[in-house]
Structures are given as C-alpha cells and as structure tokens.
Amino acid sequence: MSMGGGGQLQALQQEMEALQERREELEAEVESLEEEKGEIDEAIEGLDVLETGGTVHVPLGGDAFVRATIEDADEIVVSLGANFAATEDREQAAETLETKKERLDERIEELREEESELDEQEQQLEQQAQQAQQQMLQQQAQMQGDQQE
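Because the structure is predicted, anything quoted here is derived from the model rather than measured. The numbers attached to residues start from 1 for each chain and follow its sequence in the written order. At least 70 in pLDDT is required for a residue's local features to be given in this predicted model, at least 80 for side-chain atom pairs to be given and counted, and no such filter applies to totals for whole chains, interfaces and linings, which use all residues. Only hydrogens and water are set aside; all other atoms, that is, all heavy atoms of the structure, feed into the side-chain values.

1. Points about the pairing of strand 3 (residues 76-81)
To keep things clear, this is the line we draw: At least two bridges found by DSSP between two strands are what make those strands a pair. Numbered from the N terminus, helices here are DSSP runs of H or I no shorter than four residues, and strands are runs of E no shorter than two.
Pairing of strand 3 with strand 4 (residues 84-88) involves 5 bridges; the strand directions are antiparallel. By the bridge assignment for strand 4, S79 is matched with A85. Here strand 3 folds back onto strand 4 in antiparallel fashion, the turn holding 2 residues, of which A82 has a positive phi close to 55°.

Shown next, in the form of structure tokens:
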C-alpha cells in the first residue's frame, strides 16, 4: 500500500513532532536532575559549616522558614529515597550525597545519549521528507508535462 507524497510528508511531519516533544521531555528531565545535583552540592557544602549550637533556617514550605538550633551537627539525616532516611555522621552523609550525585550523573548521561539518538532519527526523517518532497515535485512536473502534450 503506497501512500501519496502529501500523506507521506504529513506522516513524517508527525513523527518529527513526536521526536521534538520527546526531546523537550528529556531536556526538562535533565534540567530537573541538574537542579537536584545543585541542591546536593549545597548540602555537601552545608555539612562543612554546620556546628552544634549553630542556628539554621529550616524550610516549612511555601517559602516560609523557621530558625532552629542544631543540637548535634554530627548526626545528619539523609534521604535514601522511597520515603526512607538514615542518620549518618558527616563523612557518611557526604559519601551518601556523592553517591546520589553519581547516580544523577549516570541518569543525565543516559538522557543525553537518548537525545543523541533522537538527533539521528530526526536527521533521517528530514532526509526522507526531502526525498518525498522531491518526488512530489517531480510527479507534479511530470503531470504538468503530460497535460501540455
């Protein structure tokens, strides 16, 4: 079953739009992961300056904070994911956070590879669209030539 040139171009255009949507999703996910990495970096830096008896601002949500006094700067509660957390000393907490960053880096790399694959697919679709358009133009020229005879 052969699709007319216009139908083929439309199908290729739809595929290219789907690839563009996926690319935007990937870019948004990478941006989110990069932000998370930045927050982890801030946490690691914060571990270095925490002192028992020091005062910190604890977020309550909605851009509201409360001042709190640190009871023990050597006990850090670190989220492990899936609503689990563990109390660790500074060194362990820093290691856990670094491991999280490594996992984020791996995921970002996977997403970048997928973006690269999308680039290749998009280039192939563009070539197919150009070929289909050339075929359509040739058919139109041939039809016009047939009509003039």
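2. Side note on unusual backbone geometry
Our working definition: Partly exposed describes any residue whose relative accessible area lies between the buried limit of under 20% and the exposed limit of over 50%, with all areas from a 1.4 Å probe on protein chains only and scaled to the type maximum.
Positive phi values are uncommon outside glycine, yet D63 reaches one of about 60°. Summarising the element assignment, D63 is placed in the loop between strand 1 (55-61) and strand 2 (64-69). On the basis of relative accessible area, D63 is assigned to the exposed category, the value being 75%. Positive phi values are uncommon outside glycine, yet A82 reaches one of about 55°. With respect to the helices, strands and loops of the structure, A82 is situated in the loop between strand 3 and strand 4. Taking relative accessible area as the criterion, A82 reaches 66% and is therefore assigned exposed.

3. Considering the pattern of salt bridges
Our working rule: Whenever Lys or Arg places a side-chain nitrogen within 4 Å of a carboxyl oxygen from Asp or Glu, that contact is recorded as a salt bridge.
Here the structure, examined in full by the defined rule, presents 12 salt bridges. Across the pair E29 and R107 runs a salt bridge whose closest N-O atoms are separated by 3.1 Å. On the criterion of sequence distance, the pair formed by E29 in helix 1 (residues 5-49) and R107 in helix 2 (residues 90-148) is long-range, its members being 78 residues apart. A salt bridge links E115 to R112; the shortest N-O distance between them is 3.6 Å. Here E115 and its partner R112 are both found in helix 2, 3 residues apart, which amounts to about one turn of the helix. The buried category is assigned to E115, whose relative accessible area is 10%. The class of R112 is partly exposed, set by a relative accessible area of 38%. Linked through salt bridges whose partners overlap, the residues forming this network are E34, K37, D105, R112 and E115.

4. Some remarks on the confidence of the model for the chain
We apply this condition: pLDDT measures how confident the predictor is about each residue, on a scale from 0 to 100.
The share of residues in the chain with pLDDT of 70 or more is 94%, and the mean pLDDT across the chain is 89. When pLDDT is averaged over each helix and strand of the chain, the minimum, 89, is found for helix 2 and the maximum, 95, for strand 2.

5. Points about the environment of G145
Mapped onto the elements of the fold, G145 is located in helix 2. Considering only alpha carbons, one finds G145 and E95, 50 residues apart in sequence, at a separation of 75 Å.

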